[in-house]
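Descriptive analysis of the structure
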Amino acid sequence: MKVYIETMGCQMNRLDSELVAASLRAAGHEMVADRGAAEVVLYNTCSVRQHAEEKVYSRIGGARRQKANRGPRPILGVLGCMAQREGEQLIRRFGRVDIVCGPGQLARLPELIAAAAAGEKAVALDPDALEARREKMKTDHRGTEIQRVEEGDWLRSGTPLAVPTNVGIPAATDIDDFDSLDMAREIPPDGWPSNQAYVRVMKGCDNFCTYCIVPLVRGPELSRRPVRIVQEIRRLVDAGVTEVTLLGQAVNRYRWSDGARTVRFSDLLADVADVPHLRRLRFVTSHPLDFTDDILHVMAGRANICQYIHLPPQSGADAVLGRMNRKYTRSQYDELVARARQIVPGVVLAGDFIVGFPGETEADHEASADLIRKSGFKNSFVFKYSPRPGTAAAKNMPDDVPDEVKRRRNNELLAVQEQVGLAHHRSYIGTTAEVLVEGQSVRAGKQGFEPSAERTQLVGRTMGDHIVHFLGPQSLTGQYVRVRIAEATSLALRGEMEEETISRGGRGELGAGFARK
Ligand code: 5AD
Ligand code: SF4
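Positions within a chain are numbered from 1, following the residues in the order the chain's sequence is written. Ligands are numbered from 1 and chains lettered from A, in the order in which they are written. In keeping with the model being predicted, local features are shown solely for residues with a pLDDT of at least 70 and side-chain atom pairs are shown and tallied solely at 80 or more, while totals for entire chains, interfaces and linings include all residues. To obtain the side-chain values, all non-hydrogen atoms of the structure were used and water was disregarded.

Let us look at the site of ligand 2. Taken together, the residues surrounding ligand 2 are Cys 205, Asn 207, Phe 208, Cys 209, Tyr 211, Cys 212, Val 214, Pro 215, Gln 249, His 287 and Arg 326. In terms of residue class, the shell around ligand 2 is built from seven nonpolar, three polar and one charged. Being near a molecule or strand, for a residue, comes down to having at least one heavy atom within 4 Å of it. Charged means Asp, Glu, Lys or Arg here, nonpolar means Ala, Val, Leu, Ile, Met, Phe, Trp, Tyr, Cys or Pro, and polar covers whatever is left, Gly included.

Shown next, in the form of structure tokens:
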């Protein structure tokens, strides 16, 4: 059948959609880019904020209207986090929905489509991710107190964490099951245009930040068997991939143990960095709690590991961090930033913040602004707090910051970040950056000249995740070039490509792929 899939939300969803497309192709389906031409329409959804879910409701409602006007209606499937959260209720509320499939059940999609084609309603949810997790949440959250981590556990170099992630997860079978789609991954028909690929190293999350729906929909934290990760990456590199991004909700908590041997995130990073011809290795997203020095040392010691850390603080105020159950304090976060800068010279940092979390005062908000001012962040994503059903915050803490205050605080943090981002980007003017070309920029054609095959507006990224705009032929997509940086905005760099396209990666003395001439 002809299948259309639209992906919302994070990188994990984008990877899931790619793997789903591969498994559907293998089952004889054809992926199409036009929703109107599809016999099966799938939405891979996000639940992290109310706004993301509203988008899906409007699509489902839209599909209803569209179907009313047309002949045979396509099979409609809701996949991913929102499917897991809403479950069968989606079918009850929207009779046109045929398939509901949680993120842990995507391998069953060919079977679910066959059932829907036979006129059935097909629902596949991860039982563990919902009820069991809700129970755990009740007992796990320790109220408003900041959970200070004991000295010995806190981010000491190489110190093993008190509780290894995989304790209590006995069977290799669970773990083998969850990466079946990853291991069956094929090269997409048009490859990876910019030679960049995501690779899952974990699934789920056990952190239970009180605002966050992820532990409820993606289930318990499980780390993938390291040899399988390395195997998958070798295959990707053989197929032409040069940049791999390791994915996990709190990727630095990766930990594999088979009793005899424990593989920490730093060990995994080192193993993956050794894959021959892998030019760039990235990872997202990191949790400040478990960002131990061993990770920083591996980052500093390997030329192909990008010196970029997405390290969301969420708030700069201890009282808010405590209610969020982030398990670190402001000063511990600041210390981590200082250590990262010391051990990995030139490291580039980026953050996420939530404004208007329950009980957030003006002083708390000012503490977040202060954190950004002192951080040197390349960029920050700022979100207005959105209560998510079933989370500890939604259950126990009134959403007491009015929306207009959330909006103002959001704008204020963005304005501070704009200043910091501008200063950050300006510091690279006059340097030369190694850029992986991602393709034609959306700005092409808006620059006062007609783009041609030989000269168009290209966009790419440095090792430090800086966005770089420059002119060049589109055929450079997927290649590494050197760009002399001439201009900066708060979000991006602009420069001129040097004539000679470089063939080997490596860092300059400024780190993050820059060199001073
Ligand atoms: N409301 C607002 N923002 C949220 N995030 C996660 N949950 C919520 C919520 N309930 C933000 C966090 C996280 C990012 C992916 O989304 O900042 O880092
Ligand atoms: Fe959500 Fe916190 Fe887990 Fe990130 S670490 S996915 S914010 S619970």
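Another aspect to go through is the environment of Asp 271. Structurally, Asp 271 can be placed in helix α11 (residues 265-273). Residue burial is assigned from relative accessible area. The probe radius is 1.4 Å, only protein chains are included, and a residue is buried under 20% of its type maximum, exposed over 50%, and partly exposed in between. With a relative accessible area of 36%, Asp 271 lands in the partly exposed category. Asp 271 sits 41 residues away from Val 230 along the chain, and the two C-alpha atoms are 7.4 Å apart. Per the convention used, a helix needs a DSSP run of H or I reaching at least four residues, while a strand needs a run of E reaching at least two, with both numbered from the N terminus.

The next thing to look at is the side chain of Ser 441. Residue placement: Ser 441 occurs in the loop between β17 (431-440) and β18 (456-461). The exposure class of Ser 441 is buried, given its relative accessible area of 5%. Apart from residues lying up to four places away in sequence, Ser 441 is in contact with Gln 457, Leu 458, Val 459 and His 469. In this description, contact between two residues means that some pair of their heavy atoms is separated by no more than 4.5 Å.

In this section: helix α5 (residues 109-117). Of the positions making up α5, those classed as buried are Leu 109, Leu 112, Ile 113, Ala 115 and Ala 116. Projected down its long axis, α5 carries its buried residues within an arc of 160°, all on one side. At its buried positions, α5 is contacted by α1 (11-26), β3 (40-45), β4 (75-80), β5 (97-101) and β6 (122-124). Of the residues flanking the end of α5, it is Gly 119, one or two places downstream, whose phi is positive at about 95°. Working definition: the arc comes from the directions between the helix axis and the C-beta atoms, pointing outward to the latter.

So, on to the site of ligand 1. The environment of ligand 1 is made up of Val 48, Arg 49, Tyr 211, Gln 314, Asp 352, Ile 354, Phe 383, Lys 384, Tyr 385, Ser 386 and Arg 388. In the model, an oxygen atom of ligand 1 is placed 2.7 Å from a nitrogen or oxygen of the Asp 352 side chain. Within the backbone of Ser 386, a nitrogen or oxygen atom sits 2.8 Å from a nitrogen atom of ligand 1. Each accessible area is a Shrake-Rupley estimate made with a 1.4 Å probe; only the visible protein chains count as cover when residues are assessed. When ligand 1 sits alone it has 400 Å² of accessible area, and the protein chains cover 85% of it. Looking at the shell around ligand 1, the elements with two or more residues in it are β15 (348-355) and β16 (379-384). Taken together, the residues that form the shell around ligand 1 break down as five nonpolar, two polar and four charged. Throughout this description, a polar contact denotes any pair of N or O atoms lying within 3.5 Å of each other; where both atoms belong to protein, one of them has to be capable of donating a hydrogen while the other can accept it, and for residues adjacent in sequence the pair is counted only when both atoms sit in side chains.

Moving on: the pattern of salt bridges. When charged atoms on two side chains of opposite charge get close, those side chains can pair. Here, a salt bridge means any Lys or Arg side-chain nitrogen found within 4 Å of an Asp or Glu carboxyl oxygen. Here the structure, examined in full by the defined rule, presents 43 salt bridges. In this structure, Lys 374 and Asp 370 form a salt bridge, with 3.0 Å as the shortest nitrogen-oxygen distance. Placement of the pair is Lys 374 and Asp 370 together in helix α15 (residues 362-375), with a separation of four residues, close to one helical turn. The shortest N-O distance in the salt bridge between Arg 407 and Asp 403 comes to 3.0 Å. Note that Arg 407 and Asp 403 are positioned in helix α17 (residues 403-426) at a spacing of four residues, about one turn of the helix.

Working definition: rings of Phe, Tyr and Trp (its six-membered ring) pair if their centres are within 6.5 Å, and the pair is stacked with planes under 30 degrees apart, edge-to-face with planes over 60 apart, and tilted otherwise. Across all of its chains, the model carries seven aromatic pairs by this definition. Ring geometry for Tyr 211 and Phe 357: centres 6.3 Å apart, planes at 85°, overall edge-to-face. Taken together, the residues span a long stretch of sequence, with Tyr 211 in the loop between β8 (202-203) and α9 (214-218) and Phe 357 in the loop between β15 and α15 at a distance of 146 residues. Judged by centre distance (5.2 Å) and plane angle (75°), the rings of Phe 265 and Phe 283 are edge-to-face. Of this pair, Phe 265 sits in helix α11 while Phe 283 sits in strand β13 (residues 280-284); the two residues are 18 residues apart in sequence, bridging distant segments of the chain.

Here we come to the nonpolar core. Within the largest apolar cluster, 55 residues are counted, with the highest numbers of intra-cluster contacts made by Ile 233, Leu 246, Leu 269 and Met 299. When residues in this core are grouped by element, the largest group, six residues, is from α11. What is meant by a nonpolar core is a set of buried Ala, Val, Leu, Ile, Met, Phe, Trp, Tyr and Cys residues, joined one to another through side-chain atoms within 4.5 Å. Membership of the second largest hydrophobic core comes to 42 residues, among which are Leu 247, Val 284, Ala 350 and Val 481.

Two strands qualify as a pair provided DSSP detects at least 2 bridges between them. The three strands are arranged β14-β15-β16 in an open sheet whose pairing can be described as parallel. Only two strands of the sheet have a single neighbouring strand rather than two, namely β14 (308-310) and β16. Across this sheet, the average inter-strand angle for adjacent strands is 10°, counted without regard to direction. Relative to β16, β15 runs parallel, the two being bridged by six bridges. For Val 355, the partnering residue across the bridge sits in β16 and is Lys 384. Interaxial angle, 0 to 180 degrees, is taken between N-to-C directions of lines fitted to C-alpha atoms, where a helix line uses only the stretch in contact.

This part is about the environment of Leu 24. Relative to the helices and strands, Leu 24 is located in helix α1. In this structure Leu 24 comes out as buried when scored by relative accessible area, which is 0%. Note: C-alpha distance between Leu 24 and Val 3 (21 residues apart in sequence) is 8.4 Å.

As a further point, take the side chain of Arg 409. With respect to the helices, strands and loops of the structure, Arg 409 is situated in helix α17. Arg 409 has contacts with Val 355, Glu 360, Thr 361, Glu 362, His 365 and Val 401, leaving out every residue within four places of it along the chain.

Next up on the list: the pairing of β17. For β17, a buried count of eight out of ten residues is recorded, marking the element as mostly surrounded by other parts of the structure. Strand direction decides the pairing type here: β17 and strand β20 (residues 480-488), joined by five bridges, are antiparallel. Bridge assignment links Val 435 to a residue of β20, and that residue is Val 481. Inspection of the sheet shows β17 paired to β18 by four bridges, in the antiparallel sense. Across the sheet, residue Gln 440 finds its bridge partner in β18, namely Leu 458.

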